[in-house]
Amino acid sequence: TVQSGDLDAILSQNGFGRSDVVSARVDSVRVDRLSAPALREAELFLGTDAEGPLVGRVAFQPNGAASVVDDTRRTVTGAVRSGAETLFGRFQVGDPRNIPDSGGRVRAVVYYRLEVEGV
């Protein structure tokens, strides 16, 4: 499940729309293993599939930290202006036998920097 703030609503509250976005970039992405002990790598893309721009790539160490940050700045202006609203995740696991019967839960927090220009 991907939860996100409604960018359109945030822009509208401030008197802007997506067409006013002149620059959008991802400053960082934090990925938390909530209940996914077998998770080794995660890639996140802005959009509904892996064709969208990559916004984050992290690797977990076995028995390592539950949270990993990718602070690579990536430009996503085109995707934001064109209406992208969701994240698509692609995950790699170590030993699949370590995946809980109920599946695994991961949380990703993406920090964006937007610049807008309007009348």
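The structure reproduced in this document is the subject of the present report. Computed from a prediction, not measured in an experiment: that's the story for all the values here.

Criteria and thresholds
Residues numbered from 1 in each chain as written. Predicted model: local features only at pLDDT ≥ 70, side-chain atom pairs only at ≥ 80, totals over all residues. Heavy atoms only, no water. Phe/Tyr/Trp six-rings, centres within 6.5 Å; stacked < 30°, edge-to-face > 60°. Helix = DSSP H or I, 4+ residues; strand = E, 2+ residues; numbered from the N terminus. Buried < 20%, exposed > 50% of the residue type's maximum accessible area, 1.4 Å probe, protein only. Polar contact = N/O pair within 3.5 Å; in protein donor to acceptor, adjacent residues only side chain to side chain. Contact = heavy atoms within 4.5 Å. Salt bridge = Lys/Arg side-chain N within 4 Å of Asp/Glu carboxyl O. Core = buried A, V, L, I, M, F, W, Y, C linked by side-chain atoms within 4.5 Å.

## Quick word on the packing of aromatic side chains
Inference 1: In the structure shown here, the tally under the stated rule is one aromatic pair.
Inference 2: Each ring, one from Phe45 and one from Phe88, has its centre 6.4 Å from the other, and the planes form 45 degrees; the classification is tilted. Taken together, the residues span a long stretch of sequence, with Phe45 in strand β2 (residues 39-46) and Phe88 in strand β6 (residues 87-93) at a distance of 43 residues.
Inference 3: Judged by its relative accessible area of 29%, Phe88 falls in the partly exposed class.

## Examining the side chain of Arg18
Inference 1: In this fold, Arg18 is placed in the loop between α1 (7-13) and β1 (21-33).
Inference 2: With a relative accessible area of 11%, Arg18 lands in the buried category.
Inference 3: In this structure the side chain of Arg18 is engaged in a polar contact, spanning 3.2 Å, whose partner is the backbone oxygen of Ala84.
Inference 4: What Arg18 contacts, discounting residues up to four positions off in sequence, is Leu7, Asp8, Leu11, Ala79, Val80, Arg81, Gly83, Ala84 and Glu85.

## Here's the deal with the pattern of salt bridges
Inference 1: Across all of its chains, the model carries 10 salt bridges by this definition.
Inference 2: As a salt-bridge pair, Asp8 and Arg18 come within 2.7 Å of each other at their nearest N and O atoms. Of this pair, Asp8 sits in helix α1 while Arg18 sits in the loop between α1 and β1; the two residues are 10 residues apart in sequence, bridging distant segments of the chain.
Inference 3: For the salt bridge of Arg73 with Asp27, the shortest nitrogen-to-oxygen distance reads 3.5 Å. Placement of Arg73 in the loop between β4 (67-70) and β5 (74-75) and of Asp27 in strand β1 is noted, with a sequence separation of 46 residues between them.
Inference 4: Taking relative accessible area as the criterion, Arg73 reaches 56% and is therefore assigned exposed.
Inference 5: Taken together, the shared-partner salt bridges connect Arg25, Asp27, Arg73 and Arg113 into one network.

## Description of the nonpolar core
Inference 1: Core analysis: the largest hydrophobic core is formed by 21 residues, its most contacted members being Val31, Leu46, Val55 and Val76.
Inference 2: Where this core is concerned, the elements lending two or more residues are β1, β2, β3 (54-59) and α2 (77-81).
Inference 3: Among the elements that line this core, the one with the most residues is β1, at five residues.
Inference 4: Beyond its immediate sequence surroundings of up to four residues, Val31 is in contact with Ala42, Leu44, Val58, Phe60, Ala66, Ser67, Val68, Val106, Arg107 and Ala108.

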